[in-house]
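So the chains spell out like this:
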Amino acid sequence: MTHINLLYASTEGNTKSFVEKLKKVAIEQGDTLNARLIGDETEYANETEPFFALVPTYLTGGTGTGPEVTEIFTNALGEYIDFGNNARHLKGVVGSGNRNFNVQFNLTAIRYAKKFNVPMIAAYELRGSVFDAEIIYNKIKRNIGEQ
Ligand SMILES: Cc1cc2nc3c(=O)[nH]c(=O)nc-3n(C[C@H](O)[C@H](O)[C@H](O)COP(=O)(O)O)c2cc1C
């Protein structure tokens, strides 16, 4: 039995919906999954166990990947990971977005993976499918303890 901790951001509910799909896969595999939404109201805390971050992409002000692009809505999650020694427990990032954003698709997760020097595990669109959830769940599982 595997235990997985997820921290996620979700403004419009798509990521939350994908987390629910991951929970179903965890149950099917006899694992336990603890998922916590990190938003502006979340108090900082010290993470003591390995965790993965799920982050949708919200960017404004740019037409590409340049520095003029600014992260919005998901900052609380990035700051939470940055708090204390939390980043040491981050094992990888799963990202999402909308492919209509072209080169900016999934860019926040790509930036987080680079910033925290962890694997960019997978990306899916919007709420993701049940199929995405199964594939990505297994990828998350493979990344536990690899660092
Ligand atoms: C203002 C705004 C900006 C967005 N910017 C991007 C973007 O730059 N790249 C991308 O892939 N998706 C972008 N999206 C799409 C969201 O990432 C996508 O809808 C995601 O599923 C939202 O997750 P949530 O419902 O959990 O908040 C944007 C959506 C909005 C409303």
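Each value, and the rule that gives it
- Residues numbered from 1 in each chain as written.
- Predicted model: local features only at pLDDT ≥ 70, side-chain atom pairs only at ≥ 80, totals over all residues.
- Heavy atoms only, no water.
- Helix = DSSP H or I, 4+ residues; strand = E, 2+ residues; numbered from the N terminus.
- Buried < 20%, exposed > 50% of the residue type's maximum accessible area, 1.4 Å probe, protein only.
- Contact = heavy atoms within 4.5 Å.
- Pairing = 2+ DSSP bridges.
- Right-handed = clockwise from strand over helix to strand, strands pointing away.
- Phe/Tyr/Trp six-rings, centres within 6.5 Å; stacked < 30°, edge-to-face > 60°.
- Expected span 1.5 Å × (residues − 1).
- Arc of directions from axis to C-beta.

A few points about unusual backbone geometry
Of note, Phe 73 is a non-glycine position whose phi angle comes to about 70°, a positive value. For Phe 73, the position within the fold is in the loop between β5 (70–71) and α2 (75–82). Despite not being glycine, Asn 117 has its phi angle at roughly 55°, a positive value. The residue Asn 117 is located in the loop between α4 (107–116) and β7 (120–125) in this model.

Section: the side chain of Glu 47
As for its position among the elements, Glu 47 is in the loop between β2 (32–37) and β3 (51–56). The buried category is assigned to Glu 47, whose relative accessible area is 11%. For Glu 47, the contacting residues outside a window of four places in its chain are Leu 7, Arg 36, Tyr 80, Asn 86 and His 89.

A closer look at the environment of Lys 24
Residue position: Lys 24 is located in helix α1 (residues 14–28). Lys 24 gets classed as exposed once you look at its relative accessible area, which sits at 57%. In this structure, the C-alpha to C-alpha distance between Lys 24 and Ile 140, residues 116 residues apart in sequence, is 14 Å.

What about the pairing of β7?
Where strand β6 (residues 90–97) meets β7, five bridges bridge the pair, whose relative direction is parallel. From the neighbouring strand, Gly 97 faces β7, where its bridge partner is Glu 125. For the crossover from β6 across α4 to β7, the handedness is right-handed.

Observations regarding the packing of aromatic side chains
Under the counting rule described, the total for this entry stands at five aromatic pairs. An aromatic cluster is present here, built from Tyr 44, Tyr 80 and Phe 83 joined pairwise through their rings.

A short note on helix α5 (residues 130–142)
Residue pairs spaced three or four apart in an α-helix point in one direction, given the helix's 3.6 residues per turn. Along its 13 residues, α5 runs 19 Å from first to last C-alpha, staying within 8% of the 18 Å computed at 1.5 Å per residue. Restricting attention to buried positions, one finds in α5 the residues Ala 133, Ile 136, Tyr 137 and Ile 140. The arc that holds every buried residue of α5, seen down its axis, measures 110°, which confines them to one face. Along α5, exposed side chains directed more than 90 degrees from the buried face belong to Phe 131 and Arg 142. Where α5 is buried, its residues contact β1 (3–8), α1, β2, β3, β6 and β7.

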